[in-house]
Amino acid sequence: MFHFGTNSTNLSEQGTKQTKDTTSFDKWRKNDTLNFIKDQGNGNCCYAFAVCDVIEALYFINNGEPIFLSVQDIYNHLIKNETDDIEGRTIRDALKFISENGCILAHTCPYEQRFKPTGYPREVFLRIETYDAIDLQRVVLPKKKSIALEKLEKNVEEEIRTAPVAAQLIWIEGDLKDFKGSDIYSGPRNADAFLDAGKHGVVIVGYGEEKVKKKLKKYWIVKNSHGKDWGDLGYIKIDRAPCYGQLLIEAVFLVRGVAKEKAKDGEA
């Protein structure tokens, strides 16, 4: 078994030593840890893409070789009908499924942009053993600076320096559907936009800060699953400050332990 997160002392220390500037971190995009930007197309399964991306990155960090996990398999098992598909599932649902049932490799069940019946043979490649969540939104204070939020964000930064993390992004369809460029996204102009907002599974791969109109803005570097033509080659910088009292990244999910499936008797 290999472990990740705050229990991975050596990896964490290594990331800290290599990152002298603690205000920014963008290592994972620069050292081939991350697989290519994927495109979920018409499939309503962002949660599966986010979790698979995180596990794939963790595997590469620990083993030095890329793997591609089946998003389609998770989609098939979590969605049973059209109503399920419209309602969607969550990152937590995907983590629970993988911890109980494991992941299979993508070439054995390729992505098809819609859920399919199950019943096919599954050769499990690995399983999640432990995972955790950090709820950032719960410590936001109305119109006040939250010390608790700053502490939690520091914890998230430490986790990201160890490995990418999955996250729940508040999705403002009108702003984000066709988002282009490298600007920091700070939320909708009108608070009413949050009334119709969705929740979208993404991966946080780094963080930074920059001045925008003489104001310092901290942001998360987010990997999406809408193809390379979206955002900045598939990525976006999300403002960490609350927008009308709502964080755009409201929760983070950590994979702390993953175990490769043991070969069955008689197998190599």
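You'll find the structure just up there.
## Looking at helix H3 (residues 71-78)
Counting buried positions over the eight residues of H3 gives seven, a clear majority of the element. Turning to H3, its buried residues number three or more, namely Val71, Gln72, Asp73, Ile74, Tyr75, Asn76 and Leu78. Looking at the buried positions of H3, the neighbouring elements they touch are helix H2 (46-63), helix H4 (82-87) and helix H5 (91-101). The N-cap residue of H3 is Ser70: its side-chain oxygen and the backbone nitrogen of Asp73 are 3.0 Å apart.

## Remarks on the pattern of salt bridges
Under the definition given, this model contains 18 salt bridges. Asp53 is the salt-bridge partner of Lys38, the closest N and O atoms lying 3.2 Å from each other. With Lys38 in the loop between helix H1 (9-18) and H2 and Asp53 in helix H2, the pair connects residues that are 15 residues apart, well separated along the chain. Here the two residues Lys38 and Asp53 agree in accessibility, since each one is buried. Across the salt bridge formed by Arg127 and Glu261, the nearest N and O atoms sit 2.9 Å from each other. Highlighted residues: Arg127 in strand E2 (residues 126-135) and Glu261 in the segment after strand E8 (249-260), separated in sequence by 134 residues. Each of Lys38, Asp53, Glu56 and Lys223 takes part in a single network of salt bridges with overlapping partners.

## Side note on the environment of Phe125
Here Phe125 lies in the loop between H5 and E2. Expressed as a C-alpha distance, the spacing of Phe125 and Lys260, which sit 135 residues apart in the sequence, is 6.0 Å. If near-sequence neighbours (up to four positions away) are discounted, Phe125 is found in contact with Tyr59, Ile67, Leu69, Cys103, Ile104, Leu105, Lys260 and Glu261.

## Topic: the side chain of Asp85
Mapped onto the elements, Asp85 comes out in helix H4. Despite its burial, Asp85 pairs with no opposite charge; the closest candidate is Arg114, at 6.2 Å N-O. With residues near it in sequence (within four places) discarded, Asp85 still touches Asn44, Tyr75, Ile79 and Phe115.

## Brief notes about the pairing of strand E7 (residues 235-239)
Burial of E7 is extensive: five of the five residues sit out of reach of the surface. Both faces of E7 are covered, namely the face carrying Tyr235, Lys237 and Asp239 and the face carrying Ile236 and Ile238. In this structure, strand E6 (residues 215-223) lies alongside E7, joined through five bridges in antiparallel fashion. Of the residues in E7, the one forming a bridge with Lys223 is Tyr235.

## Notes on the pairing of strand E5 (residues 198-212)
Consecutive side chains of a regular strand alternate in pointing toward one face of the sheet and then the other. By the bridge criterion, seven bridges tie strand E3 (residues 165-171) to E5 in an arrangement that is antiparallel. Counterpart to Ala167 in the pairing with E5 is Val202. When E5 meets E6, the two strands line up antiparallel, connected through nine bridges. Looking at the pairing, Tyr207 lines up with Trp220 of E6. A loop of two residues connects E5 with E6, the two strands running antiparallel in sequence, and Lys213 in this loop sits at a positive phi of about 55°.

## A look at the packing of aromatic side chains
The tally for this structure, following the rule as stated, stands at 10 aromatic pairs. Ring geometry for Phe25 against Trp28: centres 5.8 Å apart, planes inclined by 65°, an arrangement best described as edge-to-face. Judged on exposure class, the residue Phe25 and its partner Trp28 are both buried. Grouped by ring-pair contacts, the aromatic residues Phe25, Trp28, Tyr207 and Trp220 constitute a single cluster. Positioned over the ring face of Tyr219 is Lys237, at 5.2 Å from the centre of the ring. The ring of Trp220 is capped by Arg240, whose NZ or CZ atom sits 4.0 Å from the centre of that ring.

## Re the nonpolar core
In terms of nonpolar packing, the biggest core is built from 78 residues, with Tyr47, Leu136, Ile160, Ile204, Ile249 and Val252 touching the most fellow members. Among the elements that make up this core, the one with the highest residue count is H2 (12 residues). Setting aside its immediate chain neighbours within four residues, Ile249 contacts Leu136, Ala167, Gln168, Leu169, Val202, Ile204, Trp220, Val222 and Ile238.

## Considering the environment of Cys243
With respect to the secondary-structure elements, Cys243 resides in the loop between E7 and E8. Residues Cys243 and Arg189, 54 residues apart in the sequence, show an inter-C-alpha distance of 8.9 Å. When residues no more than four places from it in sequence are discounted, the contact partners of Cys243 are Ser186, Gly187, Pro188 and Phe194.

Cut-offs applied
- Just so you know, the residues in each chain are numbered from 1, in the order the chain's sequence is written.
- It should be noted that, the model being predicted, local features are given only for residues of pLDDT at least 70 and side-chain atom pairs only at 80 or more, the latter also being counted only at that level, while totals for whole chains, interfaces and linings use all residues.
- For the side-chain quantities, the full set of heavy atoms in the structure was used; hydrogens and water were omitted.
- Throughout, exposure labels follow a simple rule: accessible area from a 1.4 Å probe, protein chains only, divided by the maximum for the residue type, with under 20% read as buried, over 50% as exposed, and the rest as partly exposed.
- Secondary structure elements follow DSSP: runs of H or I of four or more residues count as helices, runs of E of two or more count as strands, with numbering from the N terminus.
- Should any heavy atoms of two residues lie within 4.5 Å, those residues are considered in contact.
- By the criterion applied in these results, polar contacts are pairs of N or O atoms within 3.5 Å in which, for protein atoms, one can donate a hydrogen and the other can accept it, and in which residues neighboring in sequence qualify only through two side-chain atoms.
- Any carboxyl oxygen of Asp or Glu within 4 Å of a side-chain nitrogen of Lys or Arg constitutes a salt bridge here.
- Asp and Glu are treated as the negative residues and Lys and Arg as the positive ones, with His and the ends of the chain left uncounted.
- DSSP-based pairing: two strands are paired if at least 2 bridges between them are found.
- A pair of Phe, Tyr and Trp rings is counted when the ring centres sit within 6.5 Å of each other, with Trp represented by its six-membered ring. The angle between the planes then sorts it: under 30 degrees is stacked, over 60 is edge-to-face, the rest tilted.
- In this analysis the charged atom, NZ for Lys or CZ for Arg, is taken to sit over a ring once it is within 6 Å of the ring centre and within 35 degrees of the ring normal.
- Side-chain atoms within 4.5 Å are what join buried Ala, Val, Leu, Ile, Met, Phe, Trp, Tyr and Cys residues into a set we call a nonpolar core.

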